[in-house]
Structure formats: C-alpha cells, structure tokens
Amino acid sequence: MLVLNERDYAKYVLENGIIEKNPSQTISLLARYLKKEIKEDEQRIYDECKANGLTYRKKTNAQIRPLVQEKINNFFKEYYPYYTETKWKKIIRQIVINKNCSLRETEYIPIYKSELQQIDMLSSISTQKTFFTMLVIAKLYNLDSSTNNNWVNTNIKDIFKLANTVVKKSNQKYSILHELFSLGYIHCSNKNENLNMQISPSIIINQSDEEPILKIPTLTNLGYEYIRYRKLGYFRRCKKCNTLFRTKKYDRKSSICPSCLAKENVLVKINQCEKCGKSYTTQRKDNKSKLCSDCQKKHSKELSKARNEQYYHRIMTLSN
Amino acid sequence: MNKSSFQRYVFKLNSKRILEAVNENGRYEIKDLDLETARKNDELISLSESQLMRKIDFLNNVNNASEQITQIKSDTKKLKRKKNIVVSRPLIREKYAQLDTLIFKKDYINVVIESAKDYQILCRDGFIVNGIEFCRFLGTTGGVKKNTIVFVNKALYPQLKEFLDNGRDLSKEFIPAKLEAYNALVCSASVPVSLPKGVIVISDCITHFLDTYIELDDNEKGYPVENLRVDELQELNDSDGYGMGMPQLLLRWANELGEDYTLPGCVIRNSFCKGTIYPVDFQSFCVEHGVTEIRDVWGELHNILDIELVLTESMLKLWDSYSSIHSYLNNCEKNGYTFAITKNSEEKLENERTTNYQFIQSYDFSDEDIDALVEPTICDIKDIIHQDYKKTILYHKGTSLKFEYDYQLDGNFSTALMIEPCVLDDIFVQKQIYSMIKKRIDRAKIGVLNIPANYSLVSGDPYSLCQHMCGLKVTGLLQKHQVYSKYWTDKGITKIVSFRAPMTSHNNIRILDVVSTPEMEKFYFYMTTPTIFNSWDMCADAMNGFDKDGDAVINSSSPILIDKTIELPAIKCIQKKAAKKVPQETDMIEANIKSFGNAVGSVTNKITGMFEVQAGFEQGTSEYIELEKRIRAGQLYQQNAIDKTKGIESHPMPKEWYIASECNINDDDTPDVCAEKQFNKRIVANKKPYFMIYIYPELKKQYDTYVKNSDIKCQIRFGITLSDLERKSKKTQDEKVFWENYLQRVPVGTNPCVINRVCWKVEKEFDNKLSIKNKKEFDYSVYKSGCNYSSELYEEIYNLYKEYMNELKEYQITAKAQRITNDEKMMGKYQLRYFFSKKCYIICPNSEMLCDVILDICYSEKNTNNSKQFAWDMCGDQIIQNMLKKHDYEISYPVPDINGNIVFCGDKYSMVNITLKRQKEEDEELC
C-alpha cells in the first residue's frame, strides 16, 4: 500500500484495526510509527526535564523495541483472526529490529507543466496514464531516498492497477511499456530478471521553482488524476479517503467513494461489554449483543456446560 | 509390524521462546501450555513408543498404557453410535480427556536450540513448563542434526540417569559423541519382545583378503589426495552390527508382533545394544562340527544348546563396561530394559521399487537407454491418467489387495471407489486423483523411476560367523563378489546391481553374482529376504561403508542398469579418530553443539551439481577428468562432514569447487594462479541442476520467476517474447547480449546430465496434458447416513469448519516456508485432524449425525465452493461405513488374473466382489 502520509495512515490503521493482505506490511508500518512515537515522547520528556533542571535518561533502542513488539502483538491479537502469538512473535521481532523509524510524511506529489507536456505527446491515453503513474511513483521514491535516481520499484501489475489501465491481455501491458522504452521515456535495469524501470532524467523534474500544475494528494487511482486533468471524465474526491472516484455528469450528491460507502454499510459500532467493560465492535444494526466475543464464548460455554451437567446428572441418577 | 506402537504427544519448544518467558523469580517458565495451544503454535509432535517412554510410564505408575489407549478408543467408537447425543456428549468428552492424559507425555520435552549460547543457558538454569522443572537429558542422533535436544522432568532425572547408565562402568573412556549416540538408543521407536532363553556375546568375525581400491585422504589445505592401491591386504569386520537368533526365537518374536512367519531378520534394541538379528540354526552347526561350548567375549564358556541369541561385540557397544553377560542382563532386568524390535524384514520382497536420482546420475546413458528406463514409469502414469477407476484403485491401493484387507478399510476416496464407482463424478475425488497423478509425475521428473528391484536388509555371511564362533577356520559359503538372495535365486537371476543411499559416485555401485548351492539353501533357509554379502571383498567400503545394523540395499535386475554399470574400484576414505575421555555432562553438551546441523545433504547436492556441469564437457577433456576426480572426492567430504559431528577436525569441500566468486581473479594473482582460477570457474558447480526445481519449491519459484521476468523484460525491450527471441536467426547486438545474459544467469544448471534428460523427457510427455474435467452433477447423498439435526448443531460445526480451513491454510503456508519433511507434514496434518475430530465429536458425538452435518456443510448446493477435504478428514470412515451399509457390505476390487481384462503396468487383473462379513457383523453388534 502506497501512502503519502504514513503517520496519519498508521493512526488510522491502529484506530480501525486494518491489516493489509500481507500482514508484514502492517507490522513494518506500525513498527516504524510506534518507534518514532516513543522516541518523540522520550525526547519531549527529556526536554521538559531539562527545562526544569531535572535529569532524565532516554530509553535506548534496545529498551524501545520490546515495547513496540508488545504493542504490535496486542494489536494483532485484537484484530487478526486466528492469530497465534508464538508463531508471529519471531516475525514481529525481526521486523522491529530491522526497521528504522523513518516515516513518510508528504502532503502531495507535484507534477509540473513540462512533464505533462511530455506525457501529452504519447500516442494513447492508456500509455499516458501508465507513464503518469510511473512518474508519480518515481517522484515518491525520490522523496524517500536521495539515491533513488528516478527508479520505479513497483511491480508492473500494481502500476497498471494504480493507473486505472485495463488491458484485455497481459502482453498489452508490455506493449505499452515497450512503447515507452522505445521512445526513451523509461530505461530498464541491466539485469534481465529485474523488472524495475527508471524514468528518463530528461523528463522528470524533482525540484522546481515553478508552481506545479497538479498536486497529487493520494496514491490511489492515479490514472483518474490524469484523466481529470485532461478533462476526459467526471470525478469527485472522496471526503473520507481523499481518493478520486468516477461520478456521472450531473451527480452532485456523491461525496464518498464506493469502497468507503461499502465499508460504512458493513461498518461497525463500538459497544461496551457488560461483563468485562472492554469496548468491542459489532455490526451497525446489531442491537442484541451485550458481551464481547471472548465473554460471549465463555458465557456460551458455561451455559452449555451447565446444561450438559444437568443432563448428565439426571441420566446418572436414572441409571443408578 | 502388525503390533503397532502408539504415538505419544510431546512438546517441542524453541529455545528462544523459553528464554523469553521469564517469571517473577527470574526463572524461565512457560505457563498454561495446553495441548490445543501447543498444536496451534506448532509446538506439539508425536513420537513413537521407546524404551525411554516406557520407563517414564513406569516411573509414573502407568501400566499397560497401550492397552488402556486401545480400550478407550474402543469405548469411544461405541459411544459414537449412541443416538442420544445429550447422554453421550459428556461421556465422550471424558473419554477424550482420558486419552489425552495417556498419549501426552508431560515429562519429556524436545527443545530446538537456536544458538549454542541458548543451549548452555538452558543446561545451566533449566526451565519450567506447566509447573514441571526440566533439565537436559540427551541428544538423539537424528535430533542433534536438527538442533533438537531431549529435556526431561528434573524430578525423574536421577532415576532416568540410572536407567540410562544401566550399571555400566562409569570410569571407562569414550568419544563423547559416540557415547551420546549409544545413550540415544533408548529413544528409538520399538516394540518390546520377550527375553531369549540364553544370550551370548561373541567377538566379531574379522576376515583378511587382498583387494584393489582407491585410498582417499585430504592434505593440509583440504584438497583430496587419491592413491590407487592394487592388491593390498584388507581387513573386514564381517559381523559388524549383526548377530544370530535361533529360528524358534525369531518365530516367537514374530508371533509377539502379530506376524505368523519366522522373521527373516529384525533390528533390535536393548541397553547399549543395536543391530540386526538373523534366524540361523547355529546350534545345529555347532553340533555338526562337534562344538558344544562357545567362549564369549569376556572369556566365559557357554553351552551352545542353552543359547538362543548370539550378539556380537559390535552390537553390544559397551560390552567392556560390564564384567559378564550376567552382569549386563541383571542390570537390564533391574532397570527395566527388555529386548525390543524397531524394524523387521517383510515376509516377501516387492517386485518393483523406485530409483532415486543418486542411483542413476552417474551412468552414461544414451537417449535410447533413458527412453527405455523411463518407459515403465510413463506407462504406469498413463494407465491412471484416463480416470479408469479400476486402475486408480490399483495405483492407490497397490496391486496385491488381499481378502484380509476387508477388515481395515481406510476412509479415503479409493475405498469409496471400491464400493461405488459413481463417486468418480465427485469433484473432490477428481481433485485427489489429479493431485496423486501430479505428484507421481513430479517424482518421475526427479528420477524416481519404476525398476524391477527391492530393498532388503544387509547381512554378512552367517556361516563365517558360525565358523568364527566355533573357533574354526573362517571360509564362509560365499566367495568374492558373490551374494545370496533367495528372492533373486527363485527368479532365476544370477546378476544384480546393488545401490545404497547416500551415494555419490559410480564407484559406489556394485554388480553382484547371485549364487545358490544346496548347502547355502539349507544354511540360509530362514533368511528369505535379506541380502547376504560374502566375507571376502570390499563391498561394504564400496557402498559408502555400510554395516549390518539395519542398513538396507536396493538390488535390481534391470538389464539397462546391469549393462551400463562399470565395475570400478571401491573408494576407501582414511578414517580419523577423536580422542577418548571419561565423558562428563559438559563434554556431552559440547559434543551436541558440535553435532548441530547436518552438512551431508549439502555435500551430496554439490556433487549432484558436478554431474550436471560435467555433462557440459566432452569425455576425456581436462574439465571432465577433473570433475570426475572431484565427484570421487565427494565421498571423502561426506565422511568429513560426519566426522565433524564426532568432534574430529576435518576439512570441508574447497570453496572454489562450488562458489563462483571464489574463482574471481585478483590483481596480484600470478599467471599460473589466473589460469587455475579460470579453469576452476569453468567447472564450478554453483547451481543446482534443473531437475531439482521439483525437489525445492523455492528453487522452482526462483526459476519460474526468472523465466517469466526475463520474458517480460524481453517484451519491454524488444517487443517480442523470449521464445521468439530464441528462434530469431538474426539477432541485433543488444538482443545477442540479452540472450547470452539470460543463459548465463539462469538460476539452475541446464546441461544434459542424466537426470535433467529424464526430467525433460517426462515434462515433454505430460506437461500441460493434465486437467480436471468435471462435467457431471454429483449426488452426495450416497455418502449420507440420513439423520436429522438441529440448525444450532449445523452452525457450531460450520464455525469449526471455518476454523479448520483457516488452520489448514496457515499450516500449509508454514510447511512451505519452513521446508519441513513429508513425515513432519503428515504428522502435522494428522494432529490437525485428530484435534478437530475431537472438537467435532464433543459437539456432536453421534458419528452418523456428524457425518450428515459435515456433508451438508461441504457438499450442499449453497456451499458448492466449500472445501470437501473437511468432510473426508473428519468423517471419511463414516462415509465409507454409510456406503457399505447401502451396498450391503459389498465391495469390488481388482486382483491379479492372467485372463483378466484390466491391463495395468503390463499385468492383467480382473474385478472380484466380496461381502465384508466381519464388518457387517461388527456393525450390527454395535447398533
């Protein structure tokens, strides 16, 4: 998942219990976020103490790591179905050790006039959308690392998905990329099996004084961003997730994108467990449940046990 | 063995996990670890019964655990027939709880050690699990290779240590690693048998003869030094690891195991005792030769007529730690040791076995030879690929189904086919057949080919041993290069080719003359299945140093293999010895640490890689000859890898043989060094051969990704696919460079070595030709019992179904990621099935009702996408039961018949119908 502001996204993930298809990505994000948060807190306390003439010893990385691991572990325990702590602990520990605390906190990706002019020169709208997407991704990675040199380290499938480019056969994707390669818009790596591509330095502008024509605020539906700029369709920005989504020409009502709408319909309200007092999530229309899942399980078990025992005693008494 | 030993569950914990769990007192403690949690965490394994397990049972006052388990299982079976589930539910729950208590060994834990430091901490401080304190006990031979050590309940440790030492002389010196291996014999899976009437330990039968061989040693730099020794005097311990039992003893033991024939050979265990026992009437031999008394290894005389079992000193490893046989046997009795059998030879040998790539990789086969070698396997697969249910039964169940088979029907699809062929329309059955064929094809690709062959236990010449025992001149009945094998003699075959894994070079293959004389037939009368080797050649050295303590060889009469085998001198590696001492606990720990990991497999793989590289050079070139030398030296490095685990300083394989970067030229290299490095680079075996993609899933993934990505790259760069580029006659400069790079960087070796050619042949024959064709609707009511049930029950089982599928999916991912062995995979799946079936039966104790609920969950129209695996895993037996009931217990299956109309693997079969009367009676009884 590509996000511009990882801090905000990490908060959103923690609040809503979102776990990516590949849970390691979520662990990585949370590890960086939590490490940074703890370090910032430590720094704040340190500064306050210093201001008050007190001494305070900041926590070391070795002390911070177990705290982060614990928090991630608790998060997964709560939100990941069939989570087995022992199996995941090792993976979490490894990721927490390996990750630093750098978070991407960018507001938007700027696209300049000359870049758009170069894109406009391409033959088809699919090629334009694809290259536009690659350009945005390369700029994002350039922001992350000064040594990125305009490389697009995202797999082809994801590029086309982000570009909202639909092709009937997969080799059409490669035809589009072949066109870009032939025109010198992209370069390939020297290794045959490495599919990373580099945007030509003559096209990309990483720093400029001029005002960008487009400011891309999210890294979803990048193809729509380009079509919108070309005024080839009707789009609206989702109030919830900031993503562009297609609307009809005269549709003035839609303010939420279809995926947020779907989530909202299924989504959940927060109740408080009558037994343990813990807050738990339930479906919006569920007015019956009063216990959290753990307490409900225990309660059902107790009921069933009591019932069974009752029958058992009755049968035993009869048989005696 | 019919009398099966029960599986016991034990915890298998990771050292890091233990060290992370520190309690309030600063001790390592894991609390509240129950069986279910342990299973979910992959911390539960099953082990077979061993002497150690039985001792722990004894110390816990658990008597006849196996009988109790059988009783509980039988009671549970009865409870599952009760209609009133409300009554049976608490009872079945109780039975399962009793069963869990019996099968779970709380006092025994396997710990997987992540680092030597972890191990030392755990040995020093111990740890607590569920309130029981554990301390190090021993490391088994197989366990230490996987960094696993046995820890036992500290409270039982003194008794167990006494049991382990079994009254031996504690002041004797040993190589610690060897003593640990002898100690670990108590952990071998075994079934106890009765004490023989009279046991004697005799000295080993050593023979001397002249033979030619290649002597291999490594120099100071670790490079191999080869010397051809022509007609040099050789010494052979012909009785290394085997002894003799009177035929009546082997028959008695067979009966105790539930068999009705005299065992042709069996592998036994006792305290510090390991080896094979073959049935030989040594009493008659002695009488015939006028010998009445035999001197044992301690110098004591015994009347031969009072002896039923003859052990050799190589079997009773610590014989010199006891003063006499009486002292040994008394200690065994005192500590509760009995003779126990770990493996016994079958009554009859198979007619067909499969090769593995090690056996055939060193041959120089023409394309025609490969076609002929692969043909029977291809024919075998083609027979089942067309979905003839009769052939599917033959393939899945084997070609020798017997009437006695009726009593133990497995709850699987091929049994269902034997009852009702229409189940072939079930998509699950089709998928099972598809997966079965696919697995067979993949195995064929790695050189698992059908050949006329069988595995048999190895024996020395017992005639020589008898002569030695009686103090006569040792001549034996067999001469140099001769073997006795009743199976091959009966078939009229006089020449066989013999292999033994692990093997590396062609020198490890032996051509043997099968001989038989009336005297041999009389003397070896009871040894119907073992292969008896003569006492006068270097076969044991040639076949990677086999001994006779349970080693097996595969013998084949395949004409191609016999014709193409070249008789080469045996390779003998110079053995180095480690220092002996009186081992203390710290020595044992150190020995364990040195033994962690197993490099033998990796050495073998490197040699296989060399065969592939060699196939790229013409015979007679310097590269070809050097590679041949390196392949021969492989045996030395295998030996070195084994020696390393014994604490012996030894050299690993030179890195420039298998790491390309080691052959890179440095600026300060002299011209000679440069030339040598260039030569080495040409023959470096740095890639696994192509066929290994079917052994290592991650290598296949790597190869497939490489080819796919290169194809994409080719399309992006040149606008054509990789295959178009390959075909293109006039390539541009860029295209040429790209293509050359592609060939150079391919992650596997693609030279035409034997197994790669076999692999390509099988690929050509079957790839893209296998598919599932499901056209017909399937009525799953044939499986059902016809019970009614409540919707609550359905919901509860449905939740279990979801949980099961999720766990199965997770397990498969973990199994793939951790590259666990097939046995471990089977064990994991078995555990999953056992625990979920327990959960199912606790919710719904009536098996018929449960079967219907599960079938509706998996097969009903609204759940068409649900996995059917759950149904067969949870209630496969009940499905078969229901089908049998509907068909009045009638089944049909193919049997060999020369006039039959079913042709399978070149033989003819016809279908027979039988009624399973015993099953019917038992069912009626239970109802």
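Details of the structure are given in the entry above.
Residues numbered from 1 in each chain as written. Chains lettered and ligands numbered in written order. Predicted model: local features only at pLDDT ≥ 70, side-chain atom pairs only at ≥ 80, totals over all residues. Heavy atoms only, no water.

### Considerations on the interface of chain A and chain B
Okay, step 1: With 26 residues of chain A in contact, the opposing surface of chain B contributes 34 residues.
Okay, step 2: In total, about 2800 Å² of surface goes out of reach between chain A and chain B, with carbon and sulfur atoms giving 56% of it.
Okay, step 3: Scanning the region where chain A abuts chain B turns up 5 salt bridges.
Okay, step 4: The residue R93 of chain A makes a salt bridge to E20 of chain B at a minimum N-O spacing of 2.1 Å.
Okay, step 5: For the pair chain A and chain B, the interface holds 12 residue pairs in polar contact (both at pLDDT 80 or more).
Okay, step 6: Elements with a contribution of two residues or more to the side of chain A that touches chain B: helix 4 (85-98), helix 8 (170-182) and helix 11 (293-319) of chain A. (Contact = heavy atoms within 4.5 Å. Buried area = accessible area lost by both parts, 1.4 Å probe. Salt bridge = Lys/Arg side-chain N within 4 Å of Asp/Glu carboxyl O. Polar contact = N/O pair within 3.5 Å; in protein donor to acceptor, adjacent residues only side chain to side chain. Helix = DSSP H or I, 4+ residues; strand = E, 2+ residues; numbered from the N terminus.)

### A look at the pattern of salt bridges
All names here are of chain B.
Okay, step 1: The full count for this structure, using the stated rule, is 73 salt bridges over all chains.
Okay, step 2: K83 serves as the salt-bridge partner of E848, at 3.2 Å between the closest nitrogen and oxygen. Remark: K83 occurs in the loop between helix 4 (65-79) and helix 5 (85-103) and E848 occurs in helix 33 (residues 847-859); sequence separation between them is 765 residues.
Okay, step 3: Taking the relative accessible area as the measure of exposure, K83 reaches 59% and is therefore exposed.
Okay, step 4: For D367, the salt bridge goes to R757, with nearest N and O atoms at 3.1 Å. Residue D367 is found in helix 14 (residues 367-385), and its partner R757 is found in helix 30 (residues 754-766); the two are separated by 390 residues along the sequence.
Okay, step 5: The exposure class of D367 is partly exposed, given its relative accessible area of 47%. (Buried < 20%, exposed > 50% of the residue type's maximum accessible area, 1.4 Å probe, protein only.)

### Here we look at unusual backbone geometry
Most peptide bonds take the trans form, and the phi angle of most residues other than glycine is negative.
Residues and elements named next belong to chain B.
Okay, step 1: In this chain, A501 is followed by P502 through a cis amide linkage whose omega measures -5 degrees.
Okay, step 2: Tracing the backbone through its elements, the reader meets P502 in the loop between strand 23 (495-499) and strand 24 (510-514).
Okay, step 3: For N544, which is not a glycine, the phi torsion comes out positive at approximately 55 degrees.
Okay, step 4: Position of N544 relative to the elements: it lies in the loop between helix 21 (539-542) and strand 26 (552-556).
Okay, step 5: By relative accessible area, which is 17% here, N544 ends up buried.

### A word on the sheet that holds strand 10 (residues 206-218) of chain B
Residues and elements named next belong to chain B.
Okay, step 1: An order of 11-10-27 is seen for the 3 strands of this open sheet, with the pairing classed as mixed. Looking at which strands have only one partner, the edges of the open sheet turn out to be strand 11 (224-237) and strand 27 (570-573). Put simply, the sheet's adjacent strands are angled 45 degrees from each other on average, direction ignored.
Okay, step 2: Bridge count for strand 10 against strand 11 is 12 bridges, and the pairing is antiparallel. If you follow E215 over to strand 11, its bridge partner there is N227.
Okay, step 3: Against the sheet, helix 25 (residues 622-645) touches strand 10, strand 11 and strand 27, its axis set at about 105 degrees to strand 10. (Pairing = 2+ DSSP bridges. Axes fitted to C-alpha atoms, helices over the stretch in contact; angles between N-to-C directions.)

### Concerning the nonpolar core
Okay, step 1: Counting residues in each nonpolar core, the largest one holds 154 residues, and the members touching the most others are F11, F127, Y783 and I854 of chain B.
Okay, step 2: Contacts of F127 of chain B, omitting those with residues within four sequence positions, involve I18, R27, Y28, I109, V111, L122, I132, E133, F134 and F151 of chain B. (Core = buried A, V, L, I, M, F, W, Y, C linked by side-chain atoms within 4.5 Å.)

### What to know about the packing of aromatic side chains
All names here are of chain B.
Okay, step 1: Overall, the coordinates contain 56 aromatic pairs over all chains when judged by the stated rule.
Okay, step 2: Seen from their ring centres, Y690 and Y703 are 5.4 Å apart, and the 80 degrees between their planes marks the pair as edge-to-face. Taken together, the residues span a long stretch of sequence, with Y690 in the loop between strand 28 (688-689) and helix 27 (697-718) and Y703 in helix 27 at a distance of 13 residues. Neither residue differs from the other here; Y690 and Y703 are each classed as buried.
Okay, step 3: On the basis of an interplanar angle of 70 degrees and a centroid distance of 5.6 Å, the ring pair of Y783 and Y859 is categorised as edge-to-face. With Y783 in the loop between helix 30 and helix 31 (791-818) and Y859 in helix 33, this pair connects stretches of sequence that are 76 residues apart. (Phe/Tyr/Trp six-rings, centres within 6.5 Å; stacked < 30°, edge-to-face > 60°.)

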